[in-house]
Every structure is written in structure tokens, then in C-alpha cells.
There are 2 protein chains.
Amino acid sequence: MNVGILGCGTIGGGVLNIIDNLPDSSNVKVLKVFDLPSKKEMLGARFAETIDEVCENKDIDIVIEAMGGDKFPYECITKALKNKKSVVTSNKETVSLHMEEFYALAKENGVKFMCEASVGGGIPIICSLIDSIGVNEVDRIYGIINGTTNFVLTKMDKEGLSMEDALSEAKRLGFAEFDATADIEGLDMTRKICILSSIAYGGYVPYDQIHHYGISKVTKEILSDLKSKGATLKFVAESKRDGDTVRVSVEPVVITPDNALFGVSYEFNAVYYNCSQNDLLGFYGKGAGRYPTATAMVHDVMRIMSASEPYYFENKKSFKVENFLKSSKYYVVKNGESSFVEGINDLSSYDFVARVL
Amino acid sequence: MNVGILGCGTIGGGVLNIIDNLPDSSNVKVLKVFDLPSKKEMLGARFAETIDEVCENKDIDIVIEAMGGDKFPYECITKALKNKKSVVTSNKETVSLHMEEFYALAKENGVKFMCEASVGGGIPIICSLIDSIGVNEVDRIYGIINGTTNFVLTKMDKEGLSMEDALSEAKRLGFAEFDATADIEGLDMTRKICILSSIAYGGYVPYDQIHHYGISKVTKEILSDLKSKGATLKFVAESKRDGDTVRVSVEPVVITPDNALFGVSYEFNAVYYNCSQNDLLGFYGKGAGRYPTATAMVHDVMRIMSASEPYYFENKKSFKVENFLKSSKYYVVKNGESSFVEGINDLSSYDFVARVL
């Protein structure tokens, strides 16, 4: 199989490296790599100046999109699919917005669309979820699916850093981008829980209807107050299906050591789901980073090659989307005093809130 | 695809139930079920009186072995493979002893051999491991892969039960067999870590060379002593590869809340492995029970049907097998007094030992 790569940055470069180092018997070759002209020298004969050299290339079977963003990747992915190329992407932004269309185009053109790396980096969560829904009803998904914010909270909690210092450290180590707003405010996790929930429940759970409450107001005082109560704070995405309603949120939660998420620290991710015949299943690993993500993409390439039955998401159900605010117990802070309340009616009446999981 | 089931007890009956309730589009049918004559009435026309009616049946493509034990299942599995039927088994006993032969026979006969359910029940650990070794070097595996003993230790630790009472409770709830010796002494986990290590490292790690030290000597006093130190005790299987040496053991270990295994309680299992490009990957779920295990077997059936590239274990490397006793820190108890020592030279000089993880 011949592969074309769009974007040769951290992730795309990692994919290129892994594939170039696979044994010949694996039968995968990278033919073309599209990136900005500054990469031309490095890429040599494989450099593609336009996306058409990849997406319309007759010799290419699989297009790997590793650029990030939405509009341009959307254009590239649809073009590749229409040209009957299977697509592998790690792009949660464009997948969370256009998954229905991507899968439909893939089906129409007899190719595959794979996005394992868009959630949880190297954790095989999407393929496991797809396996599970073949035999199970899934009705709850929850987890820590953003490495940046988990790293920041862990640094603050265990090492007493301020949020600012923890974030700088995350940037220094490559766990956070220059602008970490999408992480801190929960937009990144919102996209990921949108993708997971839509696949799990068999209907699109609109990204823009998902309640998210960021961690920018978390302080060292809040963390030590919780520690004195034997608990800790984690930034968690959760969705629960109950008939036609999906309750979903991305918000800080209070957990105790009994909870399996308690020990998930630093840049690690963990995601759990409940299914009818298999109870609770969980997955743990590095949710970001060059090689974990690139490995997940190479696995997708191998799954395409293995001729296994393709999965196509179809938006068969329409859900009412709600959040947990009114129905759950919350830890709240107001004027430096903390307490617990049953249900939140007005978010603005507190300085900080975190659901008790 | 037509399926034959050998053994219609807890697991086999679960598989039968799941497959009978799959939508017609799934294209799987159970044609024959072998069990003792007492099941004849219940099974009706599908009852098979001899294994040959399953293993030599021209209309059957896949044989599901769910009987347990070693000698008879070995006979059935080899017969089915030689008759060009793919085999799915949950039998860790026979797999840990004969995996090399089973995979070789499957390859020779152009069929598949699948044993996902033999380790970790409903946790997709074997297929993930097989995926990983395609791109990664795996050099460490560790986890709680026996639900019975984890249930017993959790009951003792969290609810103050004696081992005897905890074990009775486990039996009452169906988490332990009448004779729980294989669980308590670690034989069950020894078989599972043998299977996982052999696949991960690409060479057979002989079952009978794996050090195991059971939990029969664990007391409430030991657990509360550890609790006062901020730690707890878990019964863990671990293997580490370093060149031609595999260090492997099944023994109680002392862990603190930082460790991801800390929150793994009751009948749940969790298993982690380290791989070169993906760091640490972990899996969590019900490691036993009717539907988790049966679901894993049905997934294996679907993987066989999907025409995905088969995996065949080959015993390509010969390892020196060692344990951790001399090289690790241990918590030791002697005459009711606990302390920590660096390395154990003589196990018999202590009343109880547990490695510090």
C-alpha cells in the first residue's frame, strides 16, 4: 500500500519515521508528503507542493492527515475520500464537526475512514468502542482525555506549582501548545467526548451543545482544601445516555482514591465506558505526544490494509443534550469558602464549581 | 459463518446466548453445541453427543472451546485445527501449555487461533498487545489479572473481612470456584502472564519456570499495617524483559495511591504494558464472569470473520527466566513484626513477603 502524508510536523513526521522504519514485509511505503516549502529540502523527492499531488495521486491508496485545524483539513479529507483514498486522521477538530460526512463519503466511495488518533493519542479507545458496540449497548463514557490539563493539575496538586508555572512547564516539555486555551477551557475534551459519544450511542451528539467549564479558576488553595478532605480534582469529560437524552459535560470533578481516575497523573489519559454485557472497560495511556499519536495512526493504516470489515458511523439517532448541573452534587467555592451543594441553579453565583463524581 | 461450541456452562452458554441474539445481518449461527447428556434437552437439535460432531463437522467454520482444563480441550483444539476450523478459546490452562503448537497448527491449516478471553476476560488485552508488537517493542507487562484474589484482598482491606469470609463471599457471588487454590496460590495468574509475556516478547516464557508466591498468608493485620503506611497490598503478575532475560513473578506487591493499580478493586482487573513508541498503555475491566468473557469470545469470532490479517505466535527466542526476589525492595513480616529489606535471599526466613512496586 502506498501512503501520502499531509503535514510533516510533530505527528506527521512521527508517522513518516515509523513507516520508513517498518520491515519491508509490512508492505507500506510513504510516496508523498505535503507540507510548507520550508520542508522541501528535508523531504527531497517525496515533497508534494500541493495537496492534489497527494489526494489525487493515482498511486496513493491511503492519505494520512496530520495538519490540525478544521477548514483546510476538511477540504483535503473530502477530496481524498472522493478520489477513493482511505483516510487516517488525528484531527479531533474536523472529525467532531464533520464525522457524519466523512464516514458517508468513505462508504460511498468504498474506502475507509479512520480516526483512532483523534481521541486519546496512543490509546486504542475508538477501535475498542467500535468492537464493543457490535455486541454491547454502551451507555456511559468518562475519562481524562486531555494530557495538558491533567499535567497542569497534577503539577499543581503534587508539587504545589501555580497554574501559570505548571502551564509553562507543560509548554517547555511539549505537552501544551503556545495557546492552551482550548485545553484549559475544555474545548479539546469537548471535541473528543463528542466523537466518542456519537460513535457509542449511534447518533451525533453536537459538539456545540456540550456544556464545558474550564479549570482556569483552580487554585492551590482549592487543591489543598480537597486534599484535606481525602479527595483530588481531575478535569473530566463524561457522557451518559438515558433513552433519547444524552447528559454530557466537560468539567472539573472531585474524586477520591477509590476512583480509578485518581491515579491517572501528569500527561496520562484514561477513559472508561460502561457496556451492557461487559460492565466497565477502561483504557490508560499517553493521550498525546509524537510517537503515541503517530503509532495510533500507523495502526489505523494497518487496519485498513488488513481488509477487516470497515466501520461507518451513521447518524441514526437524534438526542436531547443536557448537562449534570441540576442533578448532581457539586463542590462549590464562594468568597474563599468551600461547601457541597445538591445541584447548581446559577453557575454565576459561585467562584468555582466541581462536580462530585 | 457457522460456529460449534464445546462446553455449554457459564461461558459457553453465554456465547450461545449472545450469538443467538445477534441481528441476522451479523451472519453467525451456532450449529452444534457439545456438552454432557444432561444438557441434551435444553439444547435440542443443536446438541452434539461427541466432539467429532463439532470438530469434524463439514458445515462448521469456527470451534469455540469453553470447557476449561487441559488434556481434553487440547485434544479438541488440535482436532478442530487439523480439520481446518478456526478456534476461539478462553482456556488459559491449555493455551499457556500449548500455545506454540496451537498457533503452528492454525498456520499450517490456513485457519486462525484466537485466545483473547484467556487473559483478562472482557479486556481486549491480547489483541491490543498483538497490535502493539507490530510497531513497538514491549518490555514490561504488569497487572492484576485475577478477579477472585483481587476481590478477596479488597474485601479484607476495605471491609475488614477475614480471608475465609472474603473467599466465601467470592464463591457466593460466583467470582471464585469451589477450589480456589489456583487463584490464591497464583497459578491462574502464572498461566496468564506466561501467555502475555510469550506474545509480547516473541518467545515462549515457560509457565513452570515462573516464580509465584500466593496470598494465603495475608492477614487483616498486614493490611492495616500497610494502610497505616499509606499503602495497600495487591496480588500482581509482572514480567520485564531485558535482552535475553525475562524477570517474571506472581506475588503480592505493596503499592501507594500514586500507582494506577491502587484504585483497581473487587473483581476488576487491570493490566499495563510498556512499549517503545507508546510509553505505558493500560486496560481495565471485568476479568472474569459470564458475559465479559463470552463477549471477548464473540469478538474473536468477529475478528475471524472480518478477514483481518491473522496473527501466529512463533517461539523465536529462548529466554533465561528469573524472578525479582534478589534485586527488589520487599516488605517482610517475621513473628508479627514488619520491616522493609533490600532483596530476599531466603524466602523461608519470613512469615510473609510482598514486593514494593
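Keep in mind it's a predicted model, so treat the numbers as computed, not measured.

Visitor: Any chance you could explain the interface of chain B and chain A here in plain terms?
Guide: Interface size is often expressed as the accessible area that is lost when the parts come together. Taken together, the 40 residues of chain B in the interface contact 40 residues of chain A. Taken together, both faces of the contact between chain B and chain A bury some 3100 Å²; the carbon and sulfur share is 57%. A per-residue breakdown of the area chain B buries against chain A is headed by Val135, Gln277 and Tyr284 of chain B, which together make up 18% of the total. Residue Asp258 of chain B pairs with Lys158 of chain A through a salt bridge whose shortest N-O separation is 3.2 Å. Put simply, chain B and chain A have twelve residue pairs in polar contact (both at pLDDT 80 or more) between them. Among the secondary structure elements, those contributing two or more residues to the side of chain B that touches chain A are α6 (125-133), β11 (268-275), β12 (279-286) and α12 (290-305) of chain B. When residues of the side of chain B that touches chain A are assigned to their parent elements, the largest contribution, eight residues, is made by β12 of chain B. Considered class by class, the residues forming the side of chain B that touches chain A number 19 nonpolar, 14 polar and seven charged. Judged from the four bridges that link them, strand β12 (residues 279-286) of chain A and β12 of chain B form a sheet pairing that is antiparallel. In the sheet register, Leu281 of chain A faces β12 of chain B, and the bridge partner there is Gly285 of chain B.

Visitor: Help me understand the domain arrangement of chain A in this model?
Guide: Residues and elements named next belong to chain A. Each domain of chain A was delimited in the assignment, giving domain 1 (2-114) and domain 2 (125-286 + 317-356). The C-alpha centroid of domain 2 is placed 31 Å from the C-alpha centroid of domain 1. Contact with domain 1, which involves seven residues of that partner, is made by nine residues of domain 2. Taken over both partners, the interface formed by domain 1 and domain 2 buries close to 730 Å², and the fraction arising from carbon and sulfur atoms is 72%. The three residues of domain 1 that bury the most area against domain 2 are Lys92, Ser96 and Met99, which together make up 66% of that side's buried surface. Linking domain 1 with domain 2 are one salt bridge. Salt-bridge contacts for Asp188 lead to Lys92; the nearest nitrogen and oxygen are separated by 3.3 Å. Residue classes in the side of domain 1 that touches domain 2 are distributed as four nonpolar, one polar and two charged.

Visitor: Which parts of the structure should I look at to understand the relation of the copies chain B and chain A?
Guide: Turning one copy of the chain about an axis and sliding it along that axis gives the other copy, so a rotation and a shift relate them. Overlay of chain B on chain A (RMSD 0.0 Å): rotation 180°, translation along the axis 0.0 Å. Overall, the copies show the geometry of a two-fold rotation axis. Take the interface residues of chain B: 100% of them recur as interface residues in chain A, which is what a same-surface contact looks like.

Rules of the game
Residues numbered from 1 in each chain as written. Chains lettered and ligands numbered in written order. Predicted model: local features only at pLDDT ≥ 70, side-chain atom pairs only at ≥ 80, totals over all residues. Heavy atoms only, no water. Contact = heavy atoms within 4.5 Å. Buried area = accessible area lost by both parts, 1.4 Å probe. Salt bridge = Lys/Arg side-chain N within 4 Å of Asp/Glu carboxyl O. Polar contact = N/O pair within 3.5 Å; in protein donor to acceptor, adjacent residues only side chain to side chain. Helix = DSSP H or I, 4+ residues; strand = E, 2+ residues; numbered from the N terminus. Nonpolar A, V, L, I, M, F, W, Y, C, P; charged D, E, K, R; others polar. Pairing = 2+ DSSP bridges. Domains from an automatic or database assignment. Least-squares fit on C-alpha atoms with pLDDT ≥ 70 in both.

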